[in-house]
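# Overview (structure and organization)
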Amino acid sequence: MGEDKPFLKLSVHQVVDFLLRQGDIDERIYNQETMAMGSLLHSAFQKKQGGEYIPEYYLSELFERKDGSILLSGRADGIIVNRDGATIDEIKSTVAPLDTFYIEQKAWHLGQAECYGLMYCHQKKLDKIGIRLTYISQNDNSRAVHEFSYSLKQLEEKVFSYLDEYLSFYQKLIAHKKIRNLSAANLDFPFEKFRPGQRELAKYCYGIARDGGILFAEAPTGIGKTMSTLFPYVKSFALGDNDKIFYLTAKTTGRQTAYEALGELYKHGLVALDSSIMAKDKLCFCPGKACNPDECPFAIGYYSKIRGIINEALSKWNRFDNGYVIELAKKHQACPFELQLDLSNYADVVIADYNYLFDPMVKLDRFFGEMAMPGTYIGLIDEAHNLIERGRMSYSSEIAEAALKRARKSLSPKRESGLRRALNKLDKALLLAKDSAGEDSLLSEEGIDAITKAMESLKRAHQKRSKEKEAEKLPQEYLDFYLEVNKCLKLMDEYPGGNSRLYIKEDRGGGLTFSRFCLDPSPYLWESLNQLKGVTLFSATLSPIDYYQDAITGSHDHPYLLLPSPFPKENFKLLLAPKVSVRYKDREKTYGEVAEYLAEFVDGKTGNYFLYFPSYEYLEKIRPHLIFNDAEVYVQSREMSELEREEFLANFPLSPNKTNIGLLVLGGAFSEGIDMYSDRLIGVALVGIGLPQIGFENNLIREYHQKKSGNGYEYAYMDPGMNKVMQAVGRLIRSESDVGAALLIDDRYMIEEYRSLFSRLWEEYEVVTSPAEVGEALSLFYAPKGDQTSDSYS
């Protein structure tokens, strides 16, 4: 082969699905349940076959073609070997009528079997082989069988034509990747100079992109983490070993920052394709409608159109973002959500939420499933301190009696009697589980068994109902509840183990909730991270590093990088007020004193201030005590839309001519992920140490980690709480010219265990023992720099 010809590793499905799949998107036929049921039917059918039947036969072969080489692999459902020869068995199950399904998808299904047949003929040196398409109805287990005979020559003509057609299409991508790699080799850092620490971070990230492995990096706010990590990863394309970068974030703001950073690299010569993956509800053209051709016109003929749409996209544009996908989907009457996923197959950089790698219910199987080939994928995990809690949520599930009742009420008593009976059974199982639970609310085996059987009963009733093609669409209240039941069953079946607890709780109104609560998501997060060749997890706050390594991967054996702040120390003033207790038992007595500290703090200089409180309850109770002179006060509400959050932040402009104060809740939407650059923010005050609320679930986490490592309180309360504190203070200094002060109010800040958590980032601080001392300290800080003295510690 010439050195310029491509070498591809492809599964049979990747080739055949792209070339031969036709028809509509139809979730009635293709969904998680039908796929799961299909696996069960396949397995049951295979087990009933005789000794001549070899199930799940793995095949792989390197095909050298004129335009390149393809290493093709996959598993044949079955191979029948007897004295009459060999037959490839391709099994398909469906809820659709078998004859209709066969007619619509014959070429697609036969193409898979033809690939397996040719590889088996070459492996066993056969000159002919049989192919059998076995169709099984998920409605009544009836079967239809279609048999074919092929000579070796016929198979070679067929399969070689598929490979040649795929390679012909792939020439566009090969040409693009050559240009991409050359542009990456010639790409310079897009700014005039590196900030302190940026070059070091970029160097280590490049090593991970080149060699693989895992790196944890704590880089203070303002260092330029996005560009410091993305630039070296993009540079690694020049090596020719990496195919795709996944930039994964916890928040929309993180995705936007990555998108803008990539745009900066384009301006400086990078040639690449990128894809931004959005949630389905943000893209859907027919909200509330089911994904099938009867309800959604954008589902009609999707798989028949997609090749042409992809060819158009690849020839005309390079940024497959929200706006472009919507425009393209409308033009071709195609589903925008599925289109963005299909376009991501060809992207060099994919920007997406954590869920698409780490959540078992929505992860992208095309990249991270059993048939994926991720050996050339590298990942960047932004704001990685969020990954622990997000992972815990992904592997936890709740079945609430209130939601059950809403689901049942939404169903017609006559038309949906089967589903209502199943819901009644689950309701009774919740009561039984409550009665059999121990004093600690953890479920007995009897309670677990009752709830599991009731959920399985609902799943069977739902599957039976879903096979009725003419039935009306089920109400959203029921569908939402069923999705949670399905998630719970999946988690209990596929992810059992001692790192979760099953319990039942009762609210003040007597409503019951069954919970499958994940205490330690590290085994699952680690399994997902291993889908990537190399990955860098980075954040401004990964202290203590042992906690984050252990809670994310289950070990402390990974390299890490801890970088100092790149900004002048004299631009930041940290004040500790340890004479005030805001512990729960003391709060009623100290509202007035805390208010005096805060009033003195914001009186130090005209500007914009964020004041963070432990909870909404605390904020409401202290508000009557808060008196600010000549200031506008804005209060965070419990439920704010994205637009409302943007409008809230607009109240804090550059160069304000009056003082603007935001009263916020620590750990909420304004505690991280917002960029208040320059003098949009000059002061941050925090009341408390950010501890999660002491409660049943957090105590379960504490007990688990105490037994596992002896760090129960630290892992459940102290480390997560102090991370909120450090993130909130991190909103303050965003560039070399920013100047600001922070005030931390709580007696526990002088306890070594707490102070040590922030001492690496903030080496110097001043203790203030009265509101008056706050004013004095700030007067000195904001005064023209000269011979100033103050009681600072380091």
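Residues numbered from 1 in each chain as written. Predicted model: local features only at pLDDT ≥ 70, side-chain atom pairs only at ≥ 80, totals over all residues. Heavy atoms only, no water.

Take the packing of helix H14 (residues 401–410) against helix H17 (residues 476–494) next. With their axes 7 Å apart at the nearest point, H14 and H17 run at an angle of 140 degrees to one another. Considered as vectors, H14 and H17 are oriented oblique to each other. When the axes of H14 and H17 are compared, the crossing they make is left-handed. When H14 is examined against H17, the residues Ala-403, Leu-404, Arg-406, Ala-407 and Ser-410 are found in contact with a partner set consisting of Glu-477, Tyr-478 and Phe-481. When grouped by side-chain class, the residues that make up the contact of H14 with H17 number five nonpolar, one polar and two charged. (Axes fitted to C-alpha atoms, helices over the stretch in contact; angles between N-to-C directions. Helix = DSSP H or I, 4+ residues; strand = E, 2+ residues; numbered from the N terminus. Parallel < 35°, antiparallel > 145°, perpendicular 65-115°, else oblique. Left-handed = near helix turned anticlockwise from the far one by under 90°. Contact = heavy atoms within 4.5 Å. Nonpolar A, V, L, I, M, F, W, Y, C, P; charged D, E, K, R; others polar.)

With respect to the helices, strands and loops of the structure, Arg-255 is situated in helix H7 (residues 252–267). Taking relative accessible area as the criterion, Arg-255 reaches 15% and is therefore assigned buried. Apart from residues lying up to four places away in sequence, Arg-255 is in contact with Thr-249, Ile-351, Ala-352 and Asp-353. (Buried < 20%, exposed > 50% of the residue type's maximum accessible area, 1.4 Å probe, protein only.)

Before going further, it helps to spend a moment on the nonpolar core. Counting 109 residues, the largest nonpolar core has Leu-72, Leu-339, Phe-358, Ile-381 and Leu-537 as the members making the most contacts within it. The dominant element in this core, judged by the number of residues it contributes, is helix H3 (residues 98–124), at 12 residues. Contacts of Leu-72, omitting those with residues within four sequence positions, involve Leu-10, Ser-11, Val-12, Val-15, Leu-59, Ser-60, Glu-61, Phe-63, Cys-115, Met-119 and Leu-163. Among the nonpolar cores identified, the runner-up in size contains 37 residues, and Val-725, Ile-733, Tyr-749 and Tyr-754 belong to it. (Core = buried A, V, L, I, M, F, W, Y, C linked by side-chain atoms within 4.5 Å.)

By the alternation rule, side chains of strand E13 (residues 397–400) split into Ser-397 and Ile-399, which are all buried, and Glu-398 and Ala-400, of which none is buried. Both E13 and strand E15 (residues 512–518) contribute to a ladder of four bridges, which runs antiparallel. Bridging across to E15, Ala-400 finds its partner in Thr-513. (Pairing = 2+ DSSP bridges.)

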